[in-house]
Amino acid sequence: MAIIKADGLVKRFGNVVALDELCLNVERGVTGLIGPNGSGKTTTIGIILGLLKPDRGEVSVFGLDPWRHGREVRSRIGVLHEKPFFPREMTGRRFLRYVASFYGVSDPEAEAGKLLRLLDLEEAADREIKGYSAGMVQRLGIAQALIGDPELVILDEPTANLDPMGRAKVLDLIGSIARDRGKSFLISTHILSELEKVCWRVSIIFRGRILAEGSVSDLMGKFKAEEFEVRAMKLEAAVKLLRHLSSVRDIRVDGERGTVIVRVHDPTVFQEEALRKAYEMGMHNVSINPRYGVLEAIYRKVIPSEEGETA
Amino acid sequence: MKFKGLLRWELERSFRFPILEFTLAILLYRVFLVMFQFSAGVSDYVGSLPTSEEVPRKLWESLIYHTGLAMVGSYIQMAVIFSTLASMLAYDFSSGCLRLQLSYPLSRSQVFAAKILTYLVATTMLILTAYLATMNLLGGGVTPPELLPSLIALIGLTIIEASYIFSIALSMSLITRNTLATFISSLLMLLGLDSAAMTYKEPLSSLIPPSSLRRAVWMLRRGSPIPLEGIITPMIVSGALLAACYLYFSRRLEV
């Protein structure tokens, strides 16, 4: 059952059409909302939270209209906004205590302490937020989004400003909360390689419309990777081999990286054909991998090329 | 519990804002005005009637004070108050604070009420601190039996003035969402209302410098220089503005 269902949403800001008949279904689990800048992700999140009123169309979150029943809807949602504001003069612990009181948590102090530990902010808990690094602020933002154990957590660019270890930890945390505690996440991000580690479903938004939506495996089947990266000990021999394959559309040698970029007609046929030929020719050190990650490949297929290149 | 927490957050946040610096600035400005340059003008309000020999000099001083500097002085003070309010209100929008607060399970009425109360306290503090401090310097000639009712009257007048000023700044900030635009449009609106509503001019001129405890006492007596409609008019204006702001905030505002 969909926890968020939007049908024909239209939202304009002056002459700018932010959402253009957007239809969205977010089911339980981890959903990625991906699209280039200005595609309508933040506007969609604003409408889901009842912060923006759609000009036309219908939206329901947990079966409720968020504009009319904003308080009820938000009591079941935790959110981290992109470039979040937090009261700079408050300590992290104090801020989380306030947020816990808004969610009606019976012991705000304990809830704040638990989340500070979970996000590795214990040492900085009693320092003013203005003294936090960008990564610490981001972790505080994730902590406040998890307060009150909400059914749905909306994270807009959750790994921004985090170092590689911090990113890995946050992604592990999202995965474990979704898996073990049955919570749902809606994650908007540009870093597709990270998103594909945790998300179960994807909605691709472009110019205010959802262009593709579904589980990652469904979309992989629908939008198969067309470009592969081939590595071999003897690059020239590999090029010669690839030129004779019927499934290959064209090839390009990337001399600097020592790889061959291959565009194919049918990925499944290509992989079988290439590996068989390489074996027959005694080329055992050939590796064939999709050029892009799963989500990036889907994204590049769905989003028109000039936008996809910049994403 | 939610509202109490929100109110505490707002108070804590707002009073970390340079509101104390602004209060001090107004205070110093008024002390300077009263102590060094315009004590003669102010003494008209707190001392005995001038003698016939003093009248020409008093008239001249009053002319300068009331027609020129009092107006300038009043609006400088208003400008400081408006700039403080404009910064605080517009900062709510520009910083993302309002978006954050409205993302929590709080009703818009709760958020609005918490902000109104906080800013009203801040505005009253800005005005009252300056009044009380300068009145103390002047003495004012108010004897103890009159002191308590005088202070109550003064606080009442100050709250009316603060509501009036705050409601103007709030309505302008909701429209412009920008510090400078809120500041300029608030001052212009104040000037416009000042010249448009004659009944309003009376309470404003009685509330801005030179105010005194004696003035506050007068409003409790017959023959008060502040007519009843002069108090009611700004209350109605601020009530109407706050009601309009509330309706907009709770039903239309998008962040």
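Residues numbered from 1 in each chain as written. Chains lettered and ligands numbered in written order. Predicted model: local features only at pLDDT ≥ 70, side-chain atom pairs only at ≥ 80, totals over all residues. Heavy atoms only, no water.

**Q** Requested: an account of the overall build of chain A, with residues and values cited.
**A** From N to C terminus, chain A includes 12 helices and 13 strands. Projected onto the principal axes, the alpha-carbon positions of chain A cover approximately 70 × 45 × 35 Å. Out of the 311 residues belonging to chain A, those deemed buried represent 53%. Counting 45 positive and 44 negative side-chain charges, chain A places the centres of these two groups 1 Å from one another. (Helix = DSSP H or I, 4+ residues; strand = E, 2+ residues; numbered from the N terminus. Buried < 20%, exposed > 50% of the residue type's maximum accessible area, 1.4 Å probe, protein only. Lys, Arg positive; Asp, Glu negative; His and termini not counted. Charge placed at Lys NZ, Arg CZ, Asp CG, Glu CD.)

**Q** Which residues make up the side chain of Ser171 of chain B, and what values go with them?
**A** Residues and elements named next belong to chain B. Counting through the fold element by element, Ser171 comes out in helix H7 (residues 144-176). Reaching out from Ser171, the side chain makes a polar contact with the backbone oxygen of Ser167 at a distance of 2.9 Å. Contacts of Ser171, omitting those with residues within four sequence positions, involve Met189, Leu241 and Cys245. (Polar contact = N/O pair within 3.5 Å; in protein donor to acceptor, adjacent residues only side chain to side chain. Contact = heavy atoms within 4.5 Å.)

**Q** Summarise empty space enclosed by the protein; cite the residues concerned and give the values.
**A** Residue and element names in this part refer to chain B. Within the structure shown, the criterion is met by 6 cavities of 30 Å³ or more. The calculated volume of the largest cavity comes to roughly 110 Å³. Secondary structure elements with two or more residues in the lining of the largest cavity: helix H4 (55-95), helix H6 (108-138) and H7. A breakdown of the residues in the lining of the largest cavity according to their chemical character gives 10 nonpolar, 1 polar and 2 charged. (1 Å grid on protein atoms, 1.4 Å probe; cavity = no way out; pocket = protein on both sides within 12 Å on 5 of 7 lines; lining within 4 Å. Points joined across faces, edges and corners; volume = space filled by probe spheres on them. Nonpolar A, V, L, I, M, F, W, Y, C, P; charged D, E, K, R; others polar.)

**Q** For the confidence of the model for chain B, give the residues involved together with the corresponding values.
**A** It should be kept in mind that the predicted coordinates are not to be read in detail where pLDDT is low. Residues and elements named next belong to chain B. The predicted model of chain B averages 72 in pLDDT, with 56% of residues at 70 or higher. Taking the mean pLDDT of every element in chain B, the minimum, 41, falls on helix H3 (residues 39-46) and the maximum, 94, on helix H5 (residues 97-102). Ignoring residues within four places in sequence, the model shows residues 137-141, a span with pLDDT below 50, making 8 contacts including any to other chains. Predicted confidence is poor over residues 198-215, with pLDDT under 50, and the contacts of this stretch with residues over four places away or in other chains come to 57 contacts. Predicted complex, confidence summary: ipTM 0.84, pTM 0.80. (pLDDT = per-residue confidence, 0-100.)

**Q** A description of the pattern of salt bridges should follow, citing residues and the corresponding values.
**A** Residue and element names in this part refer to chain A. Applying the stated criterion across every chain, the model contains 30 salt bridges over all chains. The partner of Arg93 in a salt bridge is Glu109, and the shortest N-O contact between them spans 3.8 Å. Linking Arg93 in helix H3 (residues 92-102) with Glu109 in helix H4 (residues 108-118), this pair joins segments that are 16 residues apart in sequence. On the basis of relative accessible area, Arg93 is assigned to the buried category, the value being 18%. Here Lys301 and Glu226 are joined by a salt bridge, their closest N and O atoms 2.9 Å apart. Taken together, the residues Lys301 in helix H11 (residues 294-302) and Glu226 in the loop between helix H8 (216-222) and strand E10 (227-231) connect sequence positions 75 residues apart. Residue class for Lys301 comes out partly exposed when judged on its relative accessible area of 36%. (Salt bridge = Lys/Arg side-chain N within 4 Å of Asp/Glu carboxyl O.)

**Q** Explain the sheet that holds strand E13 (residues 287-290) of chain A to me, and be specific about the residues and the numbers.
**A** All names here are of chain A. One open sheet accounts for 4 strands, arranged E11-E12-E10-E13; its pairing is antiparallel. Single-partner strands in this sheet number two, and they are strand E11 (248-254) and E13. Averaged over all pairs of adjacent strands, the angle between strand axes in this sheet comes to 25°, irrespective of strand direction. Judged from the 5 bridges that link them, E10 and strand E12 (residues 259-264) form a sheet pairing that is antiparallel. Within E12, the position partnered with Glu227 by the bridge is Arg263. Packed onto the sheet, helix H9 (residues 235-243) meets E10, E11 and E12 and runs at close to 165° relative to E11. (Pairing = 2+ DSSP bridges. Axes fitted to C-alpha atoms, helices over the stretch in contact; angles between N-to-C directions.)

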